[in-house]
Number of protein chains: 2
Amino acid sequence: MTTPLTGDLLIGARTIARPERQPWAVNSATGEVLEPRFVETSSADVDQAAELAWQAFGVFRRTSPDVRSQFLLLIAQKLVALGDELIDRVHLETAIPKVRVVLERDRTVFQLRFFAHVVREEQFLDYTIDPARPERLPFPKPDLRLRQVALGPVAVFGSSNFPLAFSVAGGDTASALAAGCPVIVKGHPAHPGTSEMVGRAIQAAVAELNLPEGVFSLLTGGIDAGVALVKHPRIKAVGFTGSRGGGMALVGLAAARPEPIPVYAEMSSVNPVYLLPAALEARAEQMGEDYVASLTVSGGQLCTNPGIVIALQSPALDRFVASASATLGQVKAMPMLTAGIHANYANGLAAFAEHADVVLEARGIETGKINCTPGAIFSTTAKAFLNDPALSHEVFGASSIIVRCDNVDEMMQVTESLEGHLVGTLHLEPGDTEMARTVMEVLELKVGRLVVNGWPTGVEVSPAMVHGGPFPATSDSRSTSVGTSAIRRFLRPVSYQNVPQTLLPDGLK
Amino acid sequence: MTTPLTGDLLIGARTIARPERQPWAVNSATGEVLEPRFVETSSADVDQAAELAWQAFGVFRRTSPDVRSQFLLLIAQKLVALGDELIDRVHLETAIPKVRVVLERDRTVFQLRFFAHVVREEQFLDYTIDPARPERLPFPKPDLRLRQVALGPVAVFGSSNFPLAFSVAGGDTASALAAGCPVIVKGHPAHPGTSEMVGRAIQAAVAELNLPEGVFSLLTGGIDAGVALVKHPRIKAVGFTGSRGGGMALVGLAAARPEPIPVYAEMSSVNPVYLLPAALEARAEQMGEDYVASLTVSGGQLCTNPGIVIALQSPALDRFVASASATLGQVKAMPMLTAGIHANYANGLAAFAEHADVVLEARGIETGKINCTPGAIFSTTAKAFLNDPALSHEVFGASSIIVRCDNVDEMMQVTESLEGHLVGTLHLEPGDTEMARTVMEVLELKVGRLVVNGWPTGVEVSPAMVHGGPFPATSDSRSTSVGTSAIRRFLRPVSYQNVPQTLLPDGLK
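Residues numbered from 1 in each chain as written. Chains lettered and ligands numbered in written order. Predicted model: local features only at pLDDT ≥ 70, side-chain atom pairs only at ≥ 80, totals over all residues. Heavy atoms only, no water.

Engineer: Would you mind going over the overall build of chain A with me for this structure?
Structural biologist: On a plain count of helices and strands, chain A comes out with 14 helices and 17 strands. Relative to the 2.2 N^0.38 estimate, which gives 23 Å for 509 residues, the radius of gyration of chain A is 24 Å and therefore close to what a compact globule would have. Oriented by its inertia axes, the alpha-carbon framework of chain A measures out at about 75 × 70 × 40 Å. Pairs at least 24 apart in sequence give 77% of the contacts found in chain A among residues at least 6 apart. Total accessible area on chain A is roughly 17,600 Å²; 55% of this is exposed by carbon and sulfur atoms. Charged side chains of chain A number 42 positive and 52 negative; the gap between the two group centres comes to 8 Å. (Helix = DSSP H or I, 4+ residues; strand = E, 2+ residues; numbered from the N terminus. Rg over C-alpha atoms; globule rule 2.2 N^0.38 Å. Contact = heavy atoms within 4.5 Å. Areas by Shrake-Rupley, 256 points an atom, 1.4 Å probe, with all protein chains shown as cover. Lys, Arg positive; Asp, Glu negative; His and termini not counted. Charge placed at Lys NZ, Arg CZ, Asp CG, Glu CD.)

Here it is, written out as structure tokens:
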């Protein structure tokens, strides 16, 4: 049996209760406020969590990889132990179908275990020993040894759309803890009860392993708490998944600090999908069905959603559109994560629908229920797309636009015009290889991952995964938020010159 | 015989001559203007160089590691072939003694060869293959392959104090070219003739290997050219070595672009040196001599200069100060790199000398010559140091301050108060081990390199070197500007999902 939800803050080992509380938890499918109400973080709370994190850092950064590995495994175990209570609460707060919540929980648990493995392997420490050569001329060469060390306490901003995998115990938290950095999570107000359940699991793991309490805190609250957290001098890096506006605000705050710090913000991505001619000819209908499946999964509320489709005009493209339209016509609208996200989605669709150069090709099924607006597929010409940058911007939700190109030259102009994205996808058959090569040479400059004959949704936790990409997909294209190297975001190298054995860190002796 | 200097810009394969020219080259030891005069870069020049770099990028990023390796070796060879003419010109423009110029030339050549080796090894490409598992449940696992790709054209800002090793063909240029990024150098106006000689050598290497001309350009000019370069949309990263003010200006410009880009700025470092009690007891006199050697080499104009000495009050510390004072009393002032640097140095010394809590312990020998002010050693108490942050700021030149601590607690307070530095140094004997451990635990958070029983000046080009550190030593503590991983500053990862063999990049097939 789990602890009942209280709505309190979790600062180190403590829980902070106060009489004033906010009705953040809302059942998105009904609009009802869910109990309990939540304590809002004050700047004094931020300060306390940050100072505790700093105290903890001195010890936690020097824990052995084995201890950190155990810690991650214990968090994973406690998440599993939350069982259906966690699944139910996530569903209640986010309206994400339970079958998908279970998949996300499993992925979150896998990710914690994955980083437990990454830590134990110790590869990320980059141990390098370059021995002395006292005989070298004109000067003796000193003994030099290098390793990576943890950056310091990390602020993690959970996302609304992955209440488990990119939230309190998500990839940012797992990789920061793996690196030896204490974590302060600013929980997303769209799933505060979920955050508390997961936060209490981490808090219990900290206590069970006798780690310093400041290794983890969970703060709930609005923009003010987040601002105070990013500005706090004890915070040394930020992980964020969310909107472009939110991410760039944090980037700006971090850069304006007396000591600027890195911000890893995953922000905005529309993920262009190319349907090349031979592939369209061979399997337009199947691609139309698969496209709609990728577009509408989780109500389209995925950062890897296929938001732009690029193809040459042809009868086969018309067959693809017909198949996609027929498929979407049978997909019911589902409640979106929050009323705010739903309103933005509805406004985004309205702007496309009213655009003189945009055609509405298909809609999903209206249900008339709260926070539900069905998916939509639009189309436009390459010329119109090139003339109006608004047509390339993200509409978060199950909205996608097909760009009809008259020729390869137009297709390449569209490609050149793209901003950075997480994923670029090509559908091709052997006859498309040369055109694919031409597109890939440009597309590779614009994305973090290239997919062939698949769909961009679905992000593997793998040493070869890149969940990142050029701006504005992320604020730092040199990093990934999923996969082995996510840990590198929270490390920096230190070199030890002629340091005697007794004073060298363990791995460098 | 080398081409005579013309003062023209080098944009791709072209040389740009114009009638209006600036008298940038000055013999710092005499104040005389040196011929020729130099063309100032216009914003149209920046645009042309940037567009050429972008065109070149499409080809250069896909050159084989072998070709890039050959390119770096050829540049090294051409630098060597410049022989005494290069050494003489550097000396004339910078007043750096010829014996040190030769060392710096050799180090620059070694560095180019080092990166030629790093490229050939291909480790920086991070090739990772995670094969498909079609049988995996609940979904098949795709084939995922990862490699690092070049970021794009890089703007390099040469430093005044290393006219070869951190300038036109210095570490930033070598590592960016190694990564597959075209380079546009904004040459430092303190050594424009040196820059032209080196730039022409690179230009010739580009032509000889039939590389696209835009792989390299050299622009001379003032602040306007630098601003236009950093703001140019074709530039994707910046390398800079110089002042904190200059570096932070570039960081601000890069962050305010529609597409923000990374800036690797090495800026300000005072490099604390700890003299622990047993070491002082054992060898105060020798340390005093070695300290002054490290302090005054190259007129103290090194970013790794020992600018702060921290020690417990003791008779042994007084012996150290006496020895250092006697040694410095025999060191003649040498002409500094530029009149501006000299003026800043003289002003910095004056501010220390007038400070109520600062004692002038020793001065070098006045020569009365232009741009010459001798070295200076000051001392202060830990209390005064903690009360006035100005005492911890860099005075670029042979100035250093000794912080006399009453006890270990004060020493640790001083340590906690430090900003980020490139290097932290400890002098210790076996009896100091416990105190050293206590200091190191905090000092490690503040520096990129820890040195024991040596001096911070002297930076090895090694796979285990870190020439970097927390802010304000650099703008990005996760990177190093010297050593193998310097190349990683100009790379980002890309993942290839189910991409067929014919379309995979060579190393991932």
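Engineer: Would you explain the UniProt feature "domain: Aldehyde dehydrogenase" (unreviewed entry) in chain A in this entry?
Structural biologist: Mapped onto this numbering, the UniProt entry gives "domain: Aldehyde dehydrogenase" (unreviewed entry) at residues 26-465 of chain A. Along residues 26-465 of chain A the backbone is 45% helical and 16% strand, and the end-to-end C-alpha distance reaches 34 Å. (UniProt positions renumbered as here; feature names shortened; annotations may be inferred.)

Engineer: Can you walk me through the pattern of salt bridges in this structure?
Structural biologist: Two side chains with opposite charge may pair up if their charged atoms get near one another. Enumeration over the complete set of coordinates arrives at 64 salt bridges over all chains. Lys-236 of chain A serves as the salt-bridge partner of Glu-259 of chain A, at 2.8 Å between the closest nitrogen and oxygen. Here Lys-236 of chain A lies in the loop between helix H7 (223-231) and strand S8 (237-241) and Glu-259 of chain A lies in the loop between helix H8 (244-256) and strand S9 (263-266), a separation of 23 residues in the sequence. Note that Arg-62 of chain B is salt-bridged to Glu-441 of chain A, the shortest N-O span being 3.5 Å. Of this pair, Arg-62 of chain B sits in the loop between helix H1 (43-60) and helix H2 (65-81) while Glu-441 of chain A sits in helix H14 (residues 433-443), which puts the two residues in different chains. (Salt bridge = Lys/Arg side-chain N within 4 Å of Asp/Glu carboxyl O.)

Engineer: What should I look at first to understand helix H4 (residues 98-121) of chain B in this one?
Structural biologist: Because an α-helix packs 3.6 residues into every turn, residues spaced three or four apart end up facing the same way. In a regular helix each residue adds 1.5 Å, so 24 residues correspond to 34 Å; H4 of chain B covers 35 Å between its end C-alpha atoms and thus fits that length. In the segment just after H4 of chain B, Glu-122 of chain B is the residue with positive phi, at about 65°. (Expected span 1.5 Å × (residues − 1).)

Engineer: Sorry, what's going on with the sheet that holds S8 of chain A here?
Structural biologist: Within a sheet, adjacent strands bond to each other through the backbone by hydrogen bonds, running parallel or antiparallel. All names here are of chain A. Read across the open sheet, the seven strands follow the order S2-S1-S7-S6-S5-S8-S9; overall the sheet is mixed. Lying at the two open borders of the sheet, with one neighbouring strand each, are strand S2 (14-16) and S9. The mean angle between the axes of side-by-side strands here comes to 20°, regardless of whether they run parallel or antiparallel. Against the sheet, helix H1 (residues 43-60) contacts strand S1 (9-11), S2, strand S6 (183-186) and strand S7 (216-219), and its axis sits at roughly 30° relative to S1. (Pairing = 2+ DSSP bridges. Axes fitted to C-alpha atoms, helices over the stretch in contact; angles between N-to-C directions.)

Engineer: Help me understand the domain arrangement of chain A in this model?
Structural biologist: In many analyses, interface size is given as the accessible surface area lost on bringing the parts together. Residue and element names in this part refer to chain A. Partitioning chain A into structural domains gives domain 1 (9-267 + 474-508) and domain 2 (272-452). Taken together, the contacts link 18 residues of domain 1 with 17 residues of domain 2. Counting each side, the surface lost to burial between domain 1 and domain 2 is near 1,200 Å², with a carbon and sulfur contribution of 59%. When residues of domain 1 are sorted by the area they lose upon contact with domain 2, Ser-28, Arg-100 and Asn-161 head the list and together hold 34% of the total. Summed over the shared surface of domain 1 and domain 2, the result is one salt bridge. The partner of Glu-419 in a salt bridge is Arg-244, and the shortest N-O contact between them spans 3.4 Å. (Domains from an automatic or database assignment. Buried area = accessible area lost by both parts, 1.4 Å probe.)

Engineer: Is there a simple way to think about the interface of chain B and chain A in this case?
Structural biologist: Taken together, the 65 residues of chain B in the interface contact 65 residues of chain A. Both faces combined, the contact of chain B with chain A buries some 5,300 Å², and carbon together with sulfur accounts for 59% of it. Linking chain B with chain A are 36 residue pairs in polar contact (both at pLDDT 80 or more). Listing elements by their share of the side of chain B that touches chain A, those giving two or more residues are H1, strand S3 (128-130), strand S4 (144-150), helix H14 (433-443), strand S16 (447-452) and strand S17 (491-497) of chain B. Element by element, the count of residues in the side of chain B that touches chain A is highest for S17 of chain B, at seven residues. A breakdown of the residues in the side of chain B that touches chain A according to their chemical character gives 37 nonpolar, 10 polar and 18 charged. Looking at chain direction, strand S17 (residues 491-497) of chain A and S16 of chain B are connected through three bridges and run parallel. By the bridge assignment, Ser-495 of chain A is partnered in S16 of chain B with Arg-449 of chain B. (Polar contact = N/O pair within 3.5 Å; in protein donor to acceptor, adjacent residues only side chain to side chain. Nonpolar A, V, L, I, M, F, W, Y, C, P; charged D, E, K, R; others polar.)

Engineer: Even after reading the chapter, I still don't get the relation of the copies chain B and chain A, so can you show me in this structure?
Structural biologist: Two copies of one chain are present, and they are related through a rotation about an axis combined with an axial shift. Mapping chain B onto chain A calls for a rotation angle of 180° and an axial translation of 0.0 Å; the resulting RMSD is 0.0 Å. On the angle and the small slide along the axis, the relation comes out as a two-fold axis. Relative to the rotation axis, the C-alpha of Ala-255 of chain B is the closest in chain B, positioned 4.0 Å from it. Most of the interface of chain B is mirrored in chain A, where 100% of its interface residues are also at the interface. (Least-squares fit on C-alpha atoms with pLDDT ≥ 70 in both.)

Engineer: Explanation requested: unusual backbone geometry in the structure shown.
Structural biologist: With an omega dihedral of -5°, the bond running from Glu-35 of chain A to Pro-36 of chain A counts as a cis peptide bond. On the secondary structure map, Pro-36 of chain A appears in the loop between S2 and H1. Following Phe-471 of chain B, the chain continues to Pro-472 of chain B via a peptide bond in cis, the omega torsion being 5°. Inspection of the secondary structure assignment puts Pro-472 of chain B in the loop between S16 and S17. The phi dihedral of Ala-95 of chain A is positive, around 65°, even though this residue is not glycine. By the element assignment, Ala-95 of chain A lies in the loop between helix H3 (83-94) and helix H4 (98-121). Its relative accessible area of 8% is what places Ala-95 of chain A among the buried residues. A positive phi is found at Asn-453 of chain B, a non-glycine position, where the angle reads about 50°. Tracing the backbone shows Asn-453 of chain B in the loop between S16 and S17. (Buried < 20%, exposed > 50% of the residue type's maximum accessible area, 1.4 Å probe, protein only.)

Engineer: For this particular structure, what's the right way to read the sheet that holds strand S13 (residues 376-381) of chain A?
Structural biologist: Sheet architecture is open: 10 strands sit in the order S12(A)-S13(A)-S14(A)-S11(A)-S10(A)-S15(A)-S16(A)-S17(B)-S4(B)-S3(B), paired in mixed fashion. Two strands in the sheet have a free side with no partner beyond their single neighbour: strand S12 (359-363) of chain A together with S3 of chain B. Each neighbouring strand pair of the sheet contributes to a mean axis angle of 20°, computed without reference to strand direction. As defined by bridge partners, strand S15 (residues 421-427) of chain A adjoins strand S16 (residues 447-452) of chain A across five bridges and the pair is classed as parallel. Looking at the pairing, Thr-425 of chain A lines up with Val-451 of chain A of S16 of chain A. Running over the sheet, helix H10 (residues 315-328) of chain A touches strand S10 (272-275), strand S11 (308-312), S12, S13 and strand S14 (399-405) of chain A and is turned about 165° from S14 of chain A.

Engineer: Would you take a moment to explain helix H13 (residues 408-417) of chain B for this structure?
Structural biologist: All names here are of chain B. When H13 is considered as a whole, its buried residues turn out to be Glu-410, Met-411, Met-412, Val-414 and Thr-415. Tucked inside the fold, the buried residues of H13 contact strand S10 (272-275), strand S11 (308-312), helix H12 (382-387), strand S14 (399-405) and H14. In this structure Asn-407 caps H13, since a side-chain oxygen of it lies 3.2 Å from the backbone nitrogen of Asp-409.

Engineer: What am I meant to see in the environment of Val-447 of chain B here?
Structural biologist: Within the fold, Val-447 of chain B resides in strand S16. For Val-447 of chain B and Leu-422 of chain B, which are 25 residues apart along the polypeptide, the C-alpha to C-alpha distance reads 5.3 Å. In this structure Val-447 of chain B touches Arg-492 and Val-494 of chain A together with His-421, Leu-422, Val-423, Gly-424, Gly-469 and Pro-470 of chain B, once residues within four positions along its chain are discounted.

Engineer: Would you mind showing me how to read the packing of aromatic side chains here?
Structural biologist: What characterises a pair of aromatic rings is the spacing of the ring centres plus the angle enclosed by the ring planes. Evaluation of the coordinates by the stated rule reveals 20 aromatic pairs over all chains. Their ring planes at 85° and their centres at 5.2 Å tell us that Phe-352 of chain B and Phe-378 of chain B sit as a pair that is edge-to-face. Residue Phe-352 of chain B is found in helix H11 (residues 339-354), and its partner Phe-378 of chain B is found in strand S13 (residues 376-381); the two are separated by 26 residues along the sequence. Taking relative accessible area as the criterion, Phe-352 of chain B reaches 7% and is therefore assigned buried. Against the face of Tyr-264 of chain A rests Arg-489 of chain A, its NZ or CZ located 5.6 Å from the ring centre. (Phe/Tyr/Trp six-rings, centres within 6.5 Å; stacked < 30°, edge-to-face > 60°. Lys NZ or Arg CZ within 6 Å of the ring centre and 35° of its normal.)

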